[in-house]
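Structural overview for review
The lines below spell out each chain.
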Amino acid sequence: MNPRARRLARLLLGFAATGAFLALFARRVDMHDAVALFQRLPWWATVAGASMIFVNLFFMSLRWQYLIRGAGYDVRLRPLVSAAAVGQAGSNILPFRGGDVLRVESVRELGVPAFVVIGTLLAEKVLDGLSLAAWIVMGALMLGEGGAMFQIGLALLVAAAFGVVVLHAAAADTERAARIMGKIGAPLRDDWRQRVETAVAHFVGGLGAFADRRRLLLALAASAGMWTADVVMYAIVGWAYHLGVGIGAYFLLEGIANLALAIPAAAAGIGTFDYLTLIAAQGIDIEVDKATAYVLTIHVLTVFPITIFGALLLRRAFPRLRRRGGPRAEGSLSNTSL
């Protein structure tokens, strides 16, 4: 199968999965009642909830700075905020987490090799999985739920913790990784083998924060801050809808919803986010009309503010768009942080 056919197959598979989840979602809800509830949502809940998205963005960018510094590149925080915002906006528009490509290209303009950035993005995914799985387990325990949700969260937590161990081992022994890739690339032509070895070295370098206990702890703390901001948003909207559930419910819902967003299907997690979050909400006895309005509100708050903000920062994230042929606005690496 040629590359174009593979891309088309992936798109068709993604849209088919999205359509299937949307159909399942539509079968379980009454949109008339949900829209009526949504229209009565207080304005303060929308403003306060949306503000948490930008707290999330700050901690996300701070964590990314720790990971990039762990790879040996001292990049200021401000351009990383722009790149992260544009990346999230891109993933809300493009299927299969296409915004990650924008993040790679944006930071590459700052002088960080592409495969180093890719390594830091993998590190992010593992840290996200660890945090969100922990949130599901915590939420289930707070609610006294020892069933399927707790077991799924626990299994994900173990898998994510194993991922941290694997990345630590790779980052701590870069020579072994280089030797392994040297054996794999041995049959290649010299120029191709050199490219592969360089790419692997950069990728493993992007995991450098996992070999530094202090930086890893800082990245974990930033992850906790990032996802706690989301829990606060979920709680604000829940209080506005008078869901009548404890704080554990918001930890649980936030963990499940964001893992659903990570599924590489259509843009913005349409379908997957709505259906899986609705199932989780109904699983903790939230009425279907309130659960539907709640899920749709959270999805809107998760997608629209950051997409608009990312669009506004597009030129800042890609200085060459702003100053064609001129010097880079965000320029080179800096030895000082914001």
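On a predicted model such as this, the values are computed, not experimentally measured, just so you know. Residue indices follow the written sequence of each chain, beginning from 1 at its first position. In view of the model being predicted, local features appear only for residues whose pLDDT reaches at least 70, and side-chain atom pairs are presented and counted only at 80 or more, with totals across whole chains, interfaces and linings using the full set of residues. Hydrogens and waters are ignored; side-chain quantities use all the structure's heavy atoms.

1. A word on the packing of aromatic side chains
Quick note on the threshold: Classification of ring pairs rests on two measures: the distance between centres of Phe, Tyr or Trp rings, Trp counted by its six-membered ring, which must be within 6.5 Å, and the angle between planes, read as stacked under 30 degrees, edge-to-face over 60 and tilted in between. Only DSSP runs of H or I reaching four residues or more are called helices, and only runs of E reaching two or more are called strands; each is numbered from the N terminus. To sort residues, take the accessible area from a 1.4 Å probe on protein chains only and compare it with the maximum for the residue type: under 20% means buried, over 50% means exposed, and anything in between is partly exposed. Each ring is checked for a lysine NZ or an arginine CZ that lies within 6 Å of its centre and within 35 degrees of its normal; such an atom marks a charge sitting over the ring.
Under the criterion given, the structure shown has 4 aromatic pairs. Centroid distance Tyr234 to Tyr294: 6.3 Å. Interplanar angle 75°. Geometry classified as edge-to-face. With a gap of 60 residues between them, Tyr234 in helix H10 (residues 213-240) and Tyr294 in helix H13 (residues 288-312) connect regions that are remote in the sequence. Residue Tyr294 is classed as buried on the basis of its relative accessible area, which comes to 0%. Taking NZ or CZ as reference, Arg103 lies 4.1 Å from the ring centre of Trp64, over its face.

2. Some words on the nonpolar core
Side chains that are nonpolar tend, in soluble globular proteins, to be buried together. This is how the line gets drawn: We call a set of buried Ala, Val, Leu, Ile, Met, Phe, Trp, Tyr and Cys residues a nonpolar core when their side-chain atoms join them within 4.5 Å. By the convention used here, residues are in contact when the closest approach between their heavy atoms is within 4.5 Å.
Of all hydrophobic cores here, the largest spans 70 residues; its most connected members are Trp64, Tyr234 and Tyr294. By residue number, the principal contributor to this core is H10, which donates 10 residues. Residues within four places of Tyr234 in sequence aside, it is in contact with Tyr250, Leu253, Glu254, Ala257, Asn258, Phe273, Tyr294 and Ile298.

3. Quick notes on unusual backbone geometry
Positive phi, close to 55°, is recorded for His242, a residue that is not glycine. Summarising the element assignment, His242 is placed in the loop between H10 and helix H11 (247-261). The backbone phi angle of Asp285 is positive, close to 65°, even though this residue is not glycine. Locating Asp285 in the fold gives a position in the loop between helix H12 (272-283) and H13. Take Asp285: its relative accessible area is 70%, and that puts it in the exposed class.

4. Comments concerning the confidence of the model for the protein chain
Segments scoring low in pLDDT should not have their predicted coordinates read at a detailed level. As a reminder of what qualifies: Every residue carries a pLDDT, the predictor's confidence in it, which falls somewhere between 0 and 100.
With 80% of its residues at a pLDDT of 70 or more, the protein chain has an overall mean of 84. Between residues 325-338, whose pLDDT stays under 50, and residues either more than four places distant or in other chains, the model counts 30 contacts.

5. Focus: helix H6 (residues 114-143)
For clarity, the threshold we go by: For a helix, the expected span equals 1.5 Å multiplied by the residue count minus one.
The end-to-end C-alpha distance of H6 is 43 Å, a good match for the 44 Å that 30 residues give at a rise of 1.5 Å each. Extensive coverage of H6 is indicated by the burial of 21 of its 30 residues. Remark: Gly144 follows H6 within two positions and exhibits a positive phi of approximately 75°.

6. With respect to the pattern of salt bridges
Two side chains bearing opposite charge may form a pair once their charged atoms approach each other closely. Cut-off, in case you're wondering: By definition, a salt bridge exists where a carboxyl oxygen of Asp or Glu is found within 4 Å of a side-chain nitrogen of Lys or Arg.
Under the definition given, this model contains 6 salt bridges. In this structure, Arg103 engages Glu124 in a salt bridge whose closest nitrogen and oxygen atoms are separated by 2.8 Å. Here Glu124 lies in helix H6 and Arg103 lies in helix H5 (residues 99-108), a separation of 21 residues in the sequence. The pair Arg103 / Glu124 is uniform in exposure class, with both members buried.

7. Focus: the side chain of Asn56
Heads up, the rule is: Any N or O atom pair separated by 3.5 Å or less is treated as a polar contact, with the protein-specific requirement of one donor-capable and one acceptor-capable atom, and with residues adjacent in sequence counted only for side-chain atom pairs.
Mapped onto the fold, Asn56 is located in helix H3 (residues 43-70). There is a polar contact of 3.2 Å between the side chain of Asn56 and the side chain of Asp230. Setting aside chain neighbours within four positions, we find Asn56 in contact with Gln88, Met226, Trp227, Ala229 and Asp230.

8. Considering the environment of Arg76
One can find Arg76 in the loop between H3 and helix H4 (77-93). Exposure remark for Arg76: the relative accessible area of 24% places this residue in the partly exposed category. The spacing of Arg76 and Gln65 is 11 residues in sequence and 7.5 Å in space, taken between C-alpha atoms.

9. Here's the deal with the layout of surface pockets
The following threshold applies: Detection works on a 1 Å grid of protein atoms alone, calling trapped sets that fit a 1.4 Å probe cavities and calling open sets with protein on both sides within 12 Å along at least five of seven lines pockets, with lining residues defined by an atom within 4 Å of a point. Grid points are joined across faces, edges and corners, and a volume is the space filled by probe spheres set on the points. When residue character is reported, Ala, Val, Leu, Ile, Met, Phe, Trp, Tyr, Cys and Pro are called nonpolar, Asp, Glu, Lys and Arg charged, and the others, Gly included, polar.
Within this model, the second largest pocket holds a volume of roughly 200 Å³. Among the secondary structure elements, those contributing two or more residues to the lining of the second largest pocket are helix H7 (148-172), H11 and H12. Residue composition of the lining of the second largest pocket, by class: 10 nonpolar, no polar and no charged.

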